[in-house]
Amino acid sequence: MFGNSAVNYGQPKTEVPLIIVCDEKDIAYANYLIQLIGQKDDESDKVVGIVDDSVSAAIYTTKFYLSNLPNIPSKQHTLFIGHSSVAKEQQQTVQDKFSKMGMHYGWLGKRAVLYVDDPASEYVQMIKLKESREHYDEFLAFSREHGVEHTDALHAYARKQGGFLNEILPVAIGAPKMLFDRNKAISEIKMQQYRTLEKVFYENGLRQFMEG
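What you see is a predicted model, and the numbers here were worked out from it, not measured in a lab.

(A) Examining the side chain of Gln91 more closely. On the secondary structure map, Gln91 appears in helix H3 (residues 85-91). Residue Gln91 is classed as buried on the basis of its relative accessible area, which comes to 19%. Other than its neighbours up to four places away in sequence, Gln91 contacts Gly82, His83, Val113 and Tyr115.

This is the structure we're talking about:
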């Protein structure tokens, strides 16, 4: 039961409800976190992430959340994923508990945020820079440390542009195919960041948030 760090496997578990709020375009990220929550991955002497069966999560779209806001109590644990209007409002008052390589999560009271920097941000734009390979390899290594394997999005992108892996150049105006490939790579990296971030949050942040 939350509020007690000891795991009592002989007693029934009380499920604590969690609302996950996101825009419809980000539901895939919310679904992945729900899959992590639904795992039965605790070991005999160790809790992995949260205590198995201790959290019951539901996804609310931003529109549904706003329409039901008057009925949601202040004691309800709520996680905002992405950059919706309500998520941005929460981000203004929530301090990061984790911030690394463009990935963030944090909480204040019963409200938590989890997001990856906007694609226009400095970190995501590293795909244009000579150092992109070094930064991306660092991200892939960090992901593997948390049991998350990603395909190499930069390798596939660079191969299409002639095989240069150490320097991903800005897209020239009038090169729509190259622009499409770059945007596809950025989109894939964003998905990878969310997968890694949610795994880190599940392992290191979710239980502490739900116990608060």
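Picking up where we left off.
(B) Structural detail: helix H1 (residues 27-37). If you check which residues of H1 are buried, you get Tyr29, Ala30, Tyr32, Leu33, Leu36 and Ile37. Angularly, the buried residues of H1 cover 155° about the axis, an arc narrow enough to put them on a single face.

(C) Structural detail: the confidence of the model for the protein. When pLDDT is averaged along the protein, the result is 80, and 75% of the positions lie at 70 or above. The element-level mean pLDDT for the protein is lowest in helix H5 (residues 153-160), coming to 71, with strand S3 (residues 77-81) highest at 98. Below pLDDT 50 for its whole length, residues 1-12 participates in 17 contacts with residues either more than four positions away or in separate chains. The low-confidence segment residues 163-178, where pLDDT is below 50, has 27 contacts with residues more than four positions distant or belonging to other chains.

(D) Quick peek at the pattern of salt bridges. Enumeration over the complete set of coordinates arrives at three salt bridges. The closest approach of N and O atoms between Lys199 and Glu203, which form a salt bridge, is 3.7 Å. Separated by four residues within a single helix, Lys199 and Glu203 lie in helix H6 (residues 176-204), roughly one turn from each other. Taking the shortest distance from any N to any O, the salt bridge between Glu211 and Arg207 comes out at 3.2 Å. Here the residue Glu211 and the residue Arg207 both occupy positions in helix H7 (residues 206-211), the gap between them amounting to four residues, near one helical turn.

(E) Spotlight on the pairing of strand S6 (residues 111-116). S6 sits mainly inside the fold: six of its six residues count as buried. Neither face of S6 is open: one carries Arg111, Val113 and Tyr115, the other Ala112, Leu114 and Val116, and all of them are buried. Inspection of the sheet shows S3 paired to S6 by four bridges, in the parallel sense. Considered in S6, the bridge of Thr78 is made with Arg111. When strand S5 (residues 103-108) meets S6, the two strands line up antiparallel, connected through six bridges. What sits directly across from Tyr105, in S6, is Leu114. Linking S5 back to S6 in an antiparallel pair, the connection comprises two residues, with Gly109 at a positive phi of about 65°.

(F) Fine view of the sheet that holds strand S4 (residues 96-100). Strand order across the open sheet formed by six strands is S2-S1-S3-S6-S5-S4, with mixed pairing between neighbours. The open sheet has two edge strands, strand S2 (55-61) and S4, and neither has a second partner. Here the average twist between neighbouring strands, direction ignored, is 15°. As paired strands, strand S1 (residues 16-22) and S2 are joined by seven bridges and run parallel to one another.

Calculation notes
Residues numbered from 1 in each chain as written. Predicted model: local features only at pLDDT ≥ 70, side-chain atom pairs only at ≥ 80, totals over all residues. Heavy atoms only, no water. Helix = DSSP H or I, 4+ residues; strand = E, 2+ residues; numbered from the N terminus. Buried < 20%, exposed > 50% of the residue type's maximum accessible area, 1.4 Å probe, protein only. Contact = heavy atoms within 4.5 Å. Arc of directions from axis to C-beta. pLDDT = per-residue confidence, 0-100. Salt bridge = Lys/Arg side-chain N within 4 Å of Asp/Glu carboxyl O. Pairing = 2+ DSSP bridges. Axes fitted to C-alpha atoms, helices over the stretch in contact; angles between N-to-C directions.

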